[in-house]
Amino acid sequence: MSPRRTLATTVRVLKQLGHDRRTLALLFVMPCVLMGLLAWIFANTGNFDQIGASLLGIFPVMMMFIVTSIATLRERTAGTMERLLAMPITKLDFLGGYALAFGLVAMLQTLLVSTFAVYVYDLDVAGPLWLVIIAALAAAFMGTALGLFASAFARTEFQASQFMPAFFLPQLLLCGLFVPAAQLPNALEFVSYGLPLTYAVDAMQRISIEAAPSGIIWRGIAIVFGFAAVAVVLGAVTLRRSTK
């Protein structure tokens, strides 16, 4: 893996994203709009603080997964990946460049959405804002890594979009958003603790009620980053040059 080639891939991807206004709107505008809609829905119930904190760990995963998986697939369908890999560039260079590019995008998205949630929509979290941002960034990076991994198994953009519910609906149901993982039936609780979204949501929920960062929060964030790293490696192993 060459840092120079990885950085060159990162720059190329960022330039492409800069010219794609629809994708930029999906990444930066839609999460803020959805968070605002959620604040409006729960305005008279007092539940926004609990639900909103959890969704700060969910929205980044979903958005980054969709964008990353489709963007990577386009590289294959257009033949760009095949041409690049015919040059002195490895799959890890390619995926590393994509992970870094979308990681930077995820960082900006996280800063924007977290700031809007706390200062515009009055999301009340007991923990510090910087810890909210770190936890949301871990979730966004995980979504990016899973998108890179899932794109290896899709042949069309429609197939890539189909992977989103397959990857996330089970995690959404079991992550603790609706029922705490510890209160699930034994078999489902066991499955829940093997899913990365569970740790992202748990970290956000703890940050919302704990003023001081605890070891459990840091462990959850580390586990999410660990899942992301494994997904990137698996993506490099399973990545194909083209969709043929």
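So, how was this worked out
- Residue positions are counted from 1 within each chain, in the order its sequence is given.
- Thresholds applied to this predicted model are a pLDDT of at least 70 for local features of residues and 80 or more for the giving and counting of side-chain atom pairs; totals over whole chains, interfaces and linings are not thresholded and use all residues.
- By convention in this description, side-chain values take in all heavy atoms of the structure and omit both hydrogens and water.
- The numbering of helices and of strands both runs from the N terminus, where a helix is a DSSP run of H or I of at least 4 residues and a strand a run of E of at least 2.
- Both definitions apply: the radius of gyration is a C-alpha atom measure, and the globule rule equals 2.2 Å times residues to the power 0.38.
- A simple rule labels every residue: compare its accessible area, found with a 1.4 Å probe on the protein chains alone, to the largest value its type can have, and call it buried under 20%, exposed over 50%, or partly exposed in between.
- Note on areas: Shrake-Rupley, 1.4 Å probe, and residue coverage restricted to the protein chains presented here.
- As used throughout, the charge tally considers Lys and Arg to be positive and Asp and Glu to be negative, leaving His and the chain termini uncounted.
- Charge coordinates come from a single atom per side chain, which is NZ of Lys, CZ of Arg, CG of Asp or CD of Glu.
- Here a pair means two rings of Phe, Tyr or Trp (six-membered ring of Trp) with centres within 6.5 Å. Their orientation is stacked below 30 degrees between planes, edge-to-face above 60, and tilted elsewhere.
- Lines fitted to C-alpha atoms define the axes, with helix axes restricted to the stretch in contact, and inter-axis angles between N-to-C directions lie between 0 and 180 degrees.
- Note on angle classes: values under 35 degrees are labelled roughly parallel, values over 145 roughly antiparallel, values of 65 to 115 roughly perpendicular, and the remainder oblique.
- Throughout, a crossing is termed right-handed when the near helix is turned clockwise from the far one, and left-handed when it is turned anticlockwise from it by less than a right angle.
- Contact criterion: two residues are considered in contact whenever any of their non-hydrogen atoms come within 4.5 Å of each other.
- Take the buried residues of types Ala, Val, Leu, Ile, Met, Phe, Trp, Tyr and Cys, join any two whose side-chain atoms come within 4.5 Å, and each joined set is a nonpolar core.

Here the focus is the overall build of the protein chain. Looking only at helices and strands, one finds eleven helices and zero strands in the protein chain. Element order for the protein chain, N to C, with α for helix and β for strand: α-α-α-α-α-α-α-α-α-α-α. For a compact globule of 244 residues, the expected C-alpha radius of gyration is about 18 Å, and the protein chain comes in at 18 Å, within 12% of that figure. Oriented by its inertia axes, the alpha-carbon framework of the protein chain measures out at about 55 × 40 × 30 Å. The buried share of the protein chain, reckoned over its 244 residues, is 50%. Carbon and sulfur atoms make up 69% of the accessible area of the protein chain, which amounts to about 11,700 Å² in all. Each charge class in the protein chain can be summarised by its mean position, and for the 16 positive and 11 negative side chains these summaries are 18 Å apart.

With that out of the way, let us pick up the packing of aromatic side chains. Under the definition given, this model contains six aromatic pairs. Taking the centre distance of 5.0 Å and the plane angle of 90 degrees together, the rings of phenylalanine 65 and phenylalanine 168 count as edge-to-face. Taken as a pair, phenylalanine 65 in helix α4 (residues 59-77) and phenylalanine 168 in helix α8 (residues 157-174) lie far apart in primary sequence, 103 residues in all. For phenylalanine 65, a relative accessible area of 0% gives the class buried. An aromatic cluster is defined as three or more aromatic residues linked by ring pairs; in this entry it consists of Phe65, Phe167 and Phe168.

Quick look at the environment of glycine 215 now. The residue glycine 215 is located in helix α11 (residues 215-238) in this model. Residue classification places glycine 215 among the exposed positions, given a relative accessible area of 55%. In sequence terms glycine 215 and glycine 235 are 20 residues apart; their C-alpha atoms lie 30 Å from each other.

Viewed as axis vectors pointing N to C, α4 and α8 meet at an angle of 150 degrees, and their least axial separation amounts to 9 Å. Relative to α8, the element α4 lies roughly antiparallel. Here α4 runs over α8; the crossing is right-handed. Here α4 contributes Val61, Met62, Phe65, Ile66, Ser69, Ile70, Leu73 and Arg74 to the contact with α8, which in turn contributes Glu157, Ala160, Phe163, Met164, Phe167 and Phe168.

Across soluble globular proteins, nonpolar side chains show a tendency to be buried alongside one another. If you look at the biggest cluster of nonpolar residues, it comprises 42 residues, and the most contacted ones within it are Met35, Leu55, Leu56, Ile58, Met142, Leu197 and Ile221. Looking at this core element by element, the count peaks at ten residues for helix α7 (residues 129-151). When sequence neighbours within four positions are dropped, the list of residues in contact with isoleucine 221 reads Leu131, Ile134, Ala135, Ala138 and Ala203. Counting residues in hydrophobic clusters, the runner-up holds 19 residues, among them Met64, Ala99, Ala101 and Leu148.

Right, let's get into the environment of leucine 129. Residue position: leucine 129 is located in helix α7. Spatially, the C-alpha atoms of leucine 129 and valine 11 are 29 Å apart, while their sequence positions differ by 118 residues. Not counting chain neighbours up to four residues away, the residues in contact with leucine 129 comprise Ser114, Val118 and Tyr119.

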